[in-house]
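Secondary and tertiary structure notes
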Amino acid sequence: MLETAEEKSVASLTVRKLEDALKASLRVRAAENGRSVEDEVRMILREAVGPSPLSPPPTAQELAPQPRRVAASAGGRARVTLIIGGGIAAYKALDLIRRLKDRGLHVRCVLTAAAQRFVTPLAAGALADDRAYTDLFDAQSEFDAGHIRLARDTDLIVVAPATADLLAKMAQGHADDLATAILLATHRPVLVAPAMNPAMWSHAATRRNTAQLARDGIHFIGPGTGEMAEANEAGTGRMSEPITIAEAAGALLRPPASLRLYGRKVLVTAGPTYEPIDPVRYIANRSSGKQGYAIAAAAAAAGADVTLISGPVELPDPVGVHVERVEAARDMLTRVEAVLPVDIAIFAAAVADWRVAEASTQKIKKTTDGQPHLTLTENPDILATIAKRSVDRPDLVIGFAAETEHLIDNAQAKLRRKGCDWIVANDVSPETGIMGGDSNTIHLITRDGTESWPAMHKDDVAAVLIARIADKMGKGDA
Ligand code: CTP
């Protein structure tokens, strides 16, 4: 059979033996044109040699961008590339693969070298829809699905866990391994779920890097606050739960109008209130704000326009939520009223019931006259004030009931007394660990009856509550 001139050239040329820079630019060109590297070389040689009587014109098939192998294998499903970083939270990435697939997403995994110390590519590949990718210069994928192809053949990139080191590399634009090369080459949305020791998360370098990444348009989910995987470590830095990350990934992938709370305005209160005694002292309570923050995050992930009025807490602003911080109950009420009208109002704050009638403008000093006498006066009830409004009453008003005894009876009485539609009741006796803890056991009290939920992480309680709200507000299933 007669060989064309360029076929002779290609036959004597081993692409793999080309210098790295040349190979890299060939890979970029090939990916951009949707061809294999060999076809790209063939096209370049054809252009260089020019029309020859011996060379048949390129076929339409050769000229056309080749169908993307992976896109076709995704069977019409949205595709997520999950980059697993190297941290103890990497074990949760395996659950995340399942959660993403539960949402009907096509999942492909990339593991950093450090991640492979915690989970194996075999396990990630077995759970995902494709083998796991680990090397920038992978013999199996070098020409077919190199980092440029991996960066493009996806609809969303999720980085979980995103370690301090990985965030630093992303902020600096490093590309010295497959994960960072993909992150640098992609034009797709990127969602990162940071996970690290609290000291690393609060370090000035990490603060700088995350601020830079936020400016670059990177989406963040978490980190949460709580017990760390390492013994005796607690604080902010815990990776968000897989179900929450999957929910955020789903929200980034879905067209907003299909989200269940799209177009709804939601108001959430959270945290304690601080009631001043004098300029340095205040009355407060043990609320951590975690449940209210999780609800605000879940509502935003469901497409709602969310305002969170928060008392003083140590939590980062949830993704996509407008946060206003206040201290005292009366300020909280003023801000809540300013946000109206809303469709749904959820009052998760542990508002102080009393304040000092006349807070001192000067620090109260010890005197020989004995103890200071503080006169307490009742704070306005924010929930009841909003639930009983005749103008601009939200369609759905939800209160919380924090009880230490007769949980259901007290909560039902609270529902009637305050005029709200639902009460989310929980037992906050110290032995339950709910106040300040990460999990919650809920009884949802409506005018139709009481529903008891199993003990769940506060993020999961939030996700279920928001799903129930969406059912009630009458939008179709997402
Ligand atoms: N709440 C409020 N404003 C207040 C007190 C409570 O908005 N001044 C709201 C809380 O946000 C919660 C609900 O009312 O949604 C119930 O709070 P809880 O502390 O359980 O009840 P209290 O009204 O304080 O009643 P009690 O202390 O007698 O249990």
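The coordinates are above.
Quick caveat, the model's predicted, so the values are computed rather than measured. (Residues numbered from 1 in each chain as written. Predicted model: local features only at pLDDT ≥ 70, side-chain atom pairs only at ≥ 80, totals over all residues.)

The strand order 12-11-8-13-16-17-19-20 describes an open sheet built from eight strands, whose pairing is mixed. Of all strands in the sheet, those with a lone pairing partner are strand 12 (322-325) and strand 20 (449-452), marking the two edges. On average, each strand axis in the sheet is tilted by 15° relative to the strand beside it, whichever way the strands run. Here helix 14 (residues 290-301) sits on the sheet and contacts strand 8 (265-270), strand 11 (305-310) and strand 13 (344-347); the angle it forms with strand 8, its principal contact strand, is near 165°. (Pairing = 2+ DSSP bridges. Helix = DSSP H or I, 4+ residues; strand = E, 2+ residues; numbered from the N terminus. Axes fitted to C-alpha atoms, helices over the stretch in contact; angles between N-to-C directions. Contact = placed C-beta atoms within 7 Å.)

Moving on, we get to the sheet that holds strand 1 (residues 79-84). Spatially, five strands are ordered 2-1-3-4-5 in an open sheet, and the strand pairing comes out parallel. Single-partner strands in this sheet number two, and they are strand 2 (106-111) and strand 5 (219-220). For strand 3 (residues 156-162) and strand 4 (residues 190-194), the ladder comprises four bridges, and the chain directions are parallel. If you follow Ala-162 over to strand 4, its bridge partner there is Pro-194. Along the sheet, helix 6 (residues 90-102) makes contact with strand 1, strand 2 and strand 3, crossing strand 1 at roughly 175°.

Around the ligand, the structure places 16 residues, and the nearest of them are Phe-347, Val-351, Ile-382, Leu-383 and Gly-399. Counting only elements with at least two residues in the shell around the ligand, the list comes to helix 16 (382-387) and strand 16 (396-403). Ranked by residue count, the leading element in the shell around the ligand is strand 16, at four residues. Looking at side-chain class alone, the shell around the ligand contains ten nonpolar, three polar and three charged residues. (Near = placed C-beta within 6 Å. Nonpolar A, V, L, I, M, F, W, Y, C, P; charged D, E, K, R; others polar.)

The values are spatial; any link to function lies outside them.
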